[in-house]
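Fold and contact review
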Amino acid sequence: GEDPDPPAAQTPGRRQGPARRIFIRDAEARGAVCNDGSPAAYYARPGVGADRDRWIIFLEGGGGCSTPEECVRRWNPNNTDRMSSRTYPETLALADGLFSDDPTLNPRFRTWTHVFVRYCSSDYYVGNRADRQPACVGGQCPRAPYPADGWYFRGHRIITALLEDLADAPAGAPKLGDAAEVIWAGCSAGSLGAQRTLDAAAEFIQAQAV
């Protein structure tokens, strides 16, 4: 007989597939890099039908650091995701909250275009220091290995490059200029980042629609 509880992949009305990792284009030349100099990245999943032009852009949270001592403590050589993109997987399962594709849990937003911005700059998305900052002062670094050349704080440039890349998406991908609605949001440090970058992001997004 028929399976009374079909797996999620067969459930009508659900959108399948994880979000795909996309590195910021020419990140080093544009200064859109993580603390360790690796390229910033985001995960994207196109919307479905009319909701393809409705967007959720979500800034990941995760605290931050502002002194060499804090940043070295923040650096974990066994899990560098908060300061580097080097170990980011190719895909990411976005399955909770606004990103859930379960129609019973997320009936309104599940088929929107989803963009999840990974947080690797430790600066609440507003840093714009041109040069690397010292990784350690006084030789008392409590954790190693760490980038000996120091840290970048480029959250502002990451956001700028992100928006530019979303507006200039490759053929076949949703383009930010076609967006009918955009939710600009975040959690924790990402929430603060979303608040601090909202005006500039809104101005940029509105300019694309002209």
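Thresholds applied
- Residues numbered from 1 in each chain as written.
- Predicted model: local features only at pLDDT ≥ 70, side-chain atom pairs only at ≥ 80, totals over all residues.
- Heavy atoms only, no water.
- Helix = DSSP H or I, 4+ residues; strand = E, 2+ residues; numbered from the N terminus.
- Buried < 20%, exposed > 50% of the residue type's maximum accessible area, 1.4 Å probe, protein only.
- Contact = heavy atoms within 4.5 Å.
- Areas by Shrake-Rupley, 256 points an atom, 1.4 Å probe, with all protein chains shown as cover.
- Core = buried A, V, L, I, M, F, W, Y, C linked by side-chain atoms within 4.5 Å.
- Salt bridge = Lys/Arg side-chain N within 4 Å of Asp/Glu carboxyl O.
- Phe/Tyr/Trp six-rings, centres within 6.5 Å; stacked < 30°, edge-to-face > 60°.
- Disulfide = S-S within 2.5 Å.

Here we look at the overall build of the chain
- In terms of regular secondary structure, the chain is built from 4 helices and 6 strands.
- Ordered by position in the sequence, the α and β elements of the chain form the string β-α-β-β-α-β-β-α-β-α.
- When the 210 residues of the chain are sorted by exposure, 41% land in the buried category.
- The contacts of the chain with a sequence gap of at least 6 include a subset with a gap of at least 24, amounting to 75%.
- For the chain, the accessible area works out to roughly 10,800 Å², and carbon and sulfur atoms hold 50% of it.

Thoughts on the nonpolar core
- Counting 28 residues, the largest nonpolar core has Ile57 and Leu162 as the members making the most contacts within it.
- Secondary structure elements with two or more residues in this core: β2 (41–45), β3 (54–59), β5 (113–117), α3 (155–167) and α4 (189–208).
- Per element, the largest residue contribution to this core is 6 residues, and it comes from α3.
- Discounting chain neighbours no more than four positions away, the residues touching leucine 162 are Ile24, Tyr42, Ile57, Val115 and Val117.

As for the pattern of salt bridges
- Evaluated as defined, the whole model comprises 9 salt bridges.
- Where glutamate 164 meets arginine 30, a salt bridge forms, and the shortest distance between an N and an O atom there is 2.7 Å. Separated by 134 residues along the polypeptide, glutamate 164 in helix α3 and arginine 30 in helix α1 (residues 27–30) bring together distant segments of the chain.
- Relative accessible area serves as the criterion here: at 35%, glutamate 164 is assigned to the partly exposed category.
- We classify arginine 30 as partly exposed; its relative accessible area is 25%.
- Across the pair aspartate 36 and arginine 86 runs a salt bridge, and its minimum N-O distance is 3.0 Å.

A look at the packing of aromatic side chains
- On inspection of all chains with the given rule, the structure shows 6 aromatic pairs.
- Between the aromatic rings of phenylalanine 58 and phenylalanine 99, the centroid separation amounts to 5.7 Å while the plane-to-plane angle is 80°, which identifies the pairing as edge-to-face. Of the two residues, phenylalanine 58 is situated in strand β3 and phenylalanine 99 in the loop between β4 (91–92) and β5; the sequence distance between them amounts to 41 residues.
- On the basis of an interplanar angle of 85° and a centroid distance of 5.9 Å, the ring pair of phenylalanine 99 and phenylalanine 116 is categorised as edge-to-face. Separated by 17 residues along the polypeptide, phenylalanine 99 in the loop between β4 and β5 and phenylalanine 116 in strand β5 bring together distant segments of the chain.
- Ring-pair connections join several aromatic residues into one group, and the members of that group are Phe58, Phe99 and Phe116.

Quick word on the state of the cysteines
- Tallied over the entire structure, the rule returns 2 disulfides.
- A disulfide bridge connects cysteine 34 with cysteine 120, and the sulfur atoms are separated by 2.1 Å. Disulfide cysteine 34-cysteine 120: the torsion about the S-S bond is -75°, which places it as left-handed. Here the residue cysteine 34 occupies a position in the loop between α1 and β2, and cysteine 120 occupies one in the loop between β5 and α3, the gap between them amounting to 86 residues.
- Each sulfur of the disulfide joining cysteine 65 and cysteine 71 lies 2.1 Å from the other. Between cysteine 65 and cysteine 71, the S-S torsion sits near 95°, and that sign places the bridge as right-handed.

Don't take any of this as a statement about function, it's just geometry.
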